[in-house]
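Chain residues, written in single-letter form:
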Amino acid sequence: MEITFLGGASEVGASCHLLRIAGRTFLIDGGMRPAAREGQSRLPDLSLLDRHPPEAILITHAHIDHTGAMPLIASLFPHLPIYATEATKVLTEILLRDSVRIMEIEGLKPDGETPLYTADQVDAFLGRITPVGLDQSIQPLADAPDLLVTFLRAGHILGAAMLYITSPEGTVLHTGDISVTDQRTIKGLDLTSLPQADVMICEGTYGNRSHTNRKEEERKLAETVQATLEQGGRVLCPAFAVGRAQEIVLILKSYRASGHVSPVPIFLDGMVRSVCQAYQSQVHDLHPSLQRYLTNARRPLFTDPDLHLYAVRAHQRQALIASKKPAIVISSSGMLSGGASPLYAAEVATREKDCLLFTGYQDEEAPGAAFLAAKRGDTVKMGDKWVQLACRVERYNLSGHADAEQIVHTVTKVRPRTLILVHGAPEALEALANRFSRIEIEIPGPGETLVLTPTRVELPPLIEPPVLSEKSDVVPLPVTVDLPDPTVRDLWERARTQGPQRPWTVVELGKAYYGASYMPTLRSRVEVALKGAAPYFKLRTMGAQMIYLPRPQEEVEELHPLTMLTPGELVIVQGGKGTPHLGLVLAGPSNGQVALVSDQWKAGEKPLQMVQLVPGIERKQWLVLEHSEIKQQLQQWHKAIEQAWVDLFVLWTRQQGQPLTYEQLCQQTADETERLAYGIELLAKGAQLFKRQGGRWYPIGEEVVRKNVGFVQHLELLQAGAGAAVWLNGERWTLTGRSNWKLFEIRNHDGEVRHVRANLLSLYPSVEAS
Ligand SMILES: [Zn+2]
Ligand SMILES: [Zn+2]
């Protein structure tokens, strides 16, 4: 076994390790040094890959010190498979896109550094990542069935994994970055299910530190926030966009809900906003209490305007910076070295009542460190600006890394023969090494290669033998090829039988369909099926997350034709139990919504179930009109409909004993206005004569209807038929045979035509005689 450290040894930054095991070669992480010093490369030493090119790439987590060089490495080896957890993939996308954008801006400056890679290289890299689930084992090389990698939960940030590699040459556990403490967003690593490994490569960021109690730090932070708000000040929390910012949001949200922090608005700005969305899109990996919150409260986790948690839009930022109202702003970057946070800090720092709250690591040269070192009245350099410090500055420890005690505890559980300490300053790693007496310890330097004895030594276990969680069936990746693709109906049936009343996420639906064989690579297949979800599920968004509530069977049948609506079709819409009106479809349904203009309102997105009847009438030529013009056209048509003589009583008498569907009705009448008129009448008044079930209208029994005196009168006039003589105010008239819900048309011998309510007419006595 051989391990080469291209970077991330005796330092925090540019983590990149080449592992040669059982004759095969893996690259673990490919990070950059975001705060490279003068003369130091931003990249790991990639020339070391020449001798032993990697055969597969494994990524522990999304942070830039583990992924920042990846687009470049991936383009050097365009055919290698790349594996990472699904959440890592999503978060890496946000981080790398931002980093390439900053590099491009920097590259334009006359003395700026050239970008390390382009946006295209980022895209190409992201597209090649095969997502892996936490606790899932994969076979990264198709021709090496005895070489398996399991992605174990590492805590730290969403999706962070430790890599447990088993091979004929022994086992290796690479920790990546780890957190033992449970955080609000995610649980810590699971000490009880750690496997034993021959070689352990372990991070030691805080190898010489011990963390204060997490809850205590959170309480102190909330107290400082409240003290600031009480004196009318504002709080700025510059925070790392991934992980830390989400923790602060949840801490402050909870203290505000319990009344310990005043109910002031919380604003999120910078990359924090998109990362919050990404966190929420990965529900299955979040802390179980957050999963319960999403299911029960059905509210977004982070941005939630109803709870005064806002994402700041670019055009609102300037006003917010200038505002003097008490508020809390959480913005990236965490060291005030870029992003939106320096813009706020430039103002907040100059105000005596305000407060700057740091919660994370500060690079020596970062403005954040300068603020922490400064006293009130000092001037601090931020970018090209000098700011005179007047506000309060505090720092609390919400670290996402294990401290010395926790690392020792973790190593003790893994019981490695060789412990390799990485990802930490030399003094932190040395301090850590002194904690162990009976393990062989290595602290490699950058560029160094360690050759380890290839023989495996079986140690008698002190604790239980390697226990991976129950679910961790070893599933070699190619297996998914044989699995079937679900149809949306399959997913609906699974959801309906297993939990008809609750909303489902994509992953839950995937698991319901594939069972134990589900893995993140199958998610895209489930998503493809869910493109046509609207007729089977009610769709709702919860932050960035789409959730699916299975519709009842009848509703599925009823809505089926609605999913085929095309632009230019005319439909009848009815919101709730309101009056039905006419609508022109602007765009076919998507996500359970359909874009319409109606005779009541201009264009709008409306839920599909508002569309009650589909007459199959088209006015495609109206699509080119302004929305207000379409509305006018519909209003005119609606007037024509009101004058149409359609009589539900006629339908009701004819249909006695058998249900009526709107489609049947349409087949009986060619006139489009009449079809629409019947539709509108059915929706507005049909319930008095029909019982509606889904799309079917069952005529109510005659005896029931006949109890209504007005109805009896109407029916008798109908039965008398056209030409029958009727009596109105002592004058003789005849029925023309045209009637509707309220009125009958009559004519006298002079040819005069009138429209009269049924109750004003009585049949002429001589009718019976003739
Ligand atoms: Zn990290
Ligand atoms: Zn790291």
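On a predicted model such as this, the values are computed, not experimentally measured, just so you know.

Novice: How should I be thinking about the environment of Tyr310 in this particular structure?
Specialist: Tracing the backbone shows Tyr310 in strand S14 (residues 309-311). Non-local contacts of Tyr310, meaning those with residues more than four positions away in its chain, are made with Pro265, Ile266, Phe267, Leu268, Thr303 and Pro305. Reaching out from Tyr310, the side chain makes a polar contact with the side chain of His308 at a distance of 2.9 Å.

Novice: Just to check I follow, could you spell out the UniProt feature "domain: Beta-Casp" (unreviewed entry) in the protein chain for this structure?
Specialist: Within this structure's numbering, the places UniProt gives as "domain: Beta-Casp" (unreviewed entry) are residues 245-371. From the first C-alpha to the last, residues 245-371 spans 19 Å; its make-up is 43% helix and 12% strand.

Novice: Would you mind going over the sheet that holds strand S21 (residues 440-442) with me for this structure?
Specialist: On the basis of which strands lie adjacent, the open sheet formed by seven strands has the order S7-S8-S9-S10-S11-S20-S21 and mixed pairing. Taken across any chain shown, the strands that pair with only one partner, and hence form the sheet edges, are strand S7 (137-138) and S21. Bridge count for strand S11 (residues 199-203) against strand S20 (residues 418-422) is five bridges, and the pairing is parallel. Along S20, the bridge assignment pairs Cys202 with Leu421.

Novice: Any chance you could explain the packing of aromatic side chains here in plain terms?
Specialist: Geometry of an aromatic ring pair is reported as the spacing of the ring centres plus the angle between the planes. Taken as a whole, this structure holds nine aromatic pairs when the rule is applied. Considering the side-chain rings of Trp622 and Trp637, the 6.0 Å spacing of their centres and the 80° angle between planes classify their relative orientation as edge-to-face. Taken as a pair, Trp622 in the loop between strand S29 (611-618) and helix H18 (627-642) and Trp637 in helix H18 lie far apart in primary sequence, 15 residues in all. Comparing Trp622 with Trp637, the two get one shared label, buried. Ring centres of Phe649 and Phe711 lie 5.0 Å apart, and the angle between their planes is 80°; this geometry places the pair in the edge-to-face category. In this pair, Phe649 sits in helix H19 (residues 648-655) while Phe711 sits in helix H23 (residues 709-720), placing the two residues 62 residues apart along the sequence. Neither Phe649 nor Phe711 differs from the other in exposure class; each is buried. Members of the aromatic cluster, each reached through a chain of ring pairs, are Phe649, Phe711 and Trp741.

Novice: Quick question: what am I supposed to make of the coordination of the zinc ion (ligand 2) here?
Specialist: Reference values for coordination geometry: four tetrahedral donors around a metal ideally subtend 109.5 degrees, six octahedral donors ideally subtend 90 or 180 degrees. Taken together, the protein donors to the zinc ion (ligand 2) comprise Asp65 (OD), His66 (NE2), Asp177 (OD) and His423 (NE2), at separations of 2.1 to 2.2 Å. Classification of the site at the zinc ion (ligand 2) as irregular follows from its four donor atoms and the range of 89 to 167° in their angles at the metal. Donor residues binding the zinc ion (ligand 2) come from one chain and are separated in sequence as D-H-x110-D-x245-H. The metal-metal distance between the zinc ion (ligand 2) and the zinc ion (ligand 1) is 3.3 Å, with Asp177 serving as a donor to both. Each member of the pair, Asp65 as well as His66, is classed as buried.

Novice: Help me understand the pattern of salt bridges, please; the structure alone is not making it clear to me.
Specialist: Two side chains with opposite charge may pair up if their charged atoms get near one another. Considering all chains together, one arrives at 35 salt bridges under this definition. In this structure, Arg97 and Asp123 form a salt bridge, with 2.5 Å as the shortest nitrogen-oxygen distance. Of the two residues, Arg97 is situated in helix H3 (residues 86-108) and Asp123 in helix H4 (residues 119-128); the sequence distance between them amounts to 26 residues. By relative accessible area, which is 35% here, Asp123 ends up partly exposed. Residue Arg738 is joined to Glu745 by a salt bridge in which the shortest nitrogen-to-oxygen separation is 3.1 Å. Through salt bridges that share partners, Arg184, Arg214, Glu218 and Glu247 make up one connected network.

Novice: What is the right way to read the pairing of strand S34 (residues 731-739) from this model?
Specialist: Two faces, one strand: in a regular strand the side chains alternate between the faces of the sheet. Sheet topology places strand S33 (residues 725-728) next to S34; four bridges connect them, and they run antiparallel. By the bridge assignment for S34, Ala725 is matched with Thr734. Hairpin connection, S33 to S34: the antiparallel pair is bridged by two residues, and Asn729 has positive phi, about 45°. Relative to strand S35 (residues 743-747), S34 is paired through three bridges, and the arrangement is antiparallel. Residue pairing for S35: Thr734 is matched across the bridge by Arg747.

What counts, and at which threshold
Residues numbered from 1 in each chain as written. Chains lettered and ligands numbered in written order. Predicted model: local features only at pLDDT ≥ 70, side-chain atom pairs only at ≥ 80, totals over all residues. Heavy atoms only, no water. Helix = DSSP H or I, 4+ residues; strand = E, 2+ residues; numbered from the N terminus. Contact = heavy atoms within 4.5 Å. Polar contact = N/O pair within 3.5 Å; in protein donor to acceptor, adjacent residues only side chain to side chain. UniProt positions renumbered as here; feature names shortened; annotations may be inferred. Pairing = 2+ DSSP bridges. Phe/Tyr/Trp six-rings, centres within 6.5 Å; stacked < 30°, edge-to-face > 60°. Buried < 20%, exposed > 50% of the residue type's maximum accessible area, 1.4 Å probe, protein only. Donors = N, O, S within 2.8 Å, 3.2 Å for Na, K, Ca; no water. Tetrahedral: all angles 85-135°; square planar, octahedral: opposite > 155°, others 65-115°. Salt bridge = Lys/Arg side-chain N within 4 Å of Asp/Glu carboxyl O.

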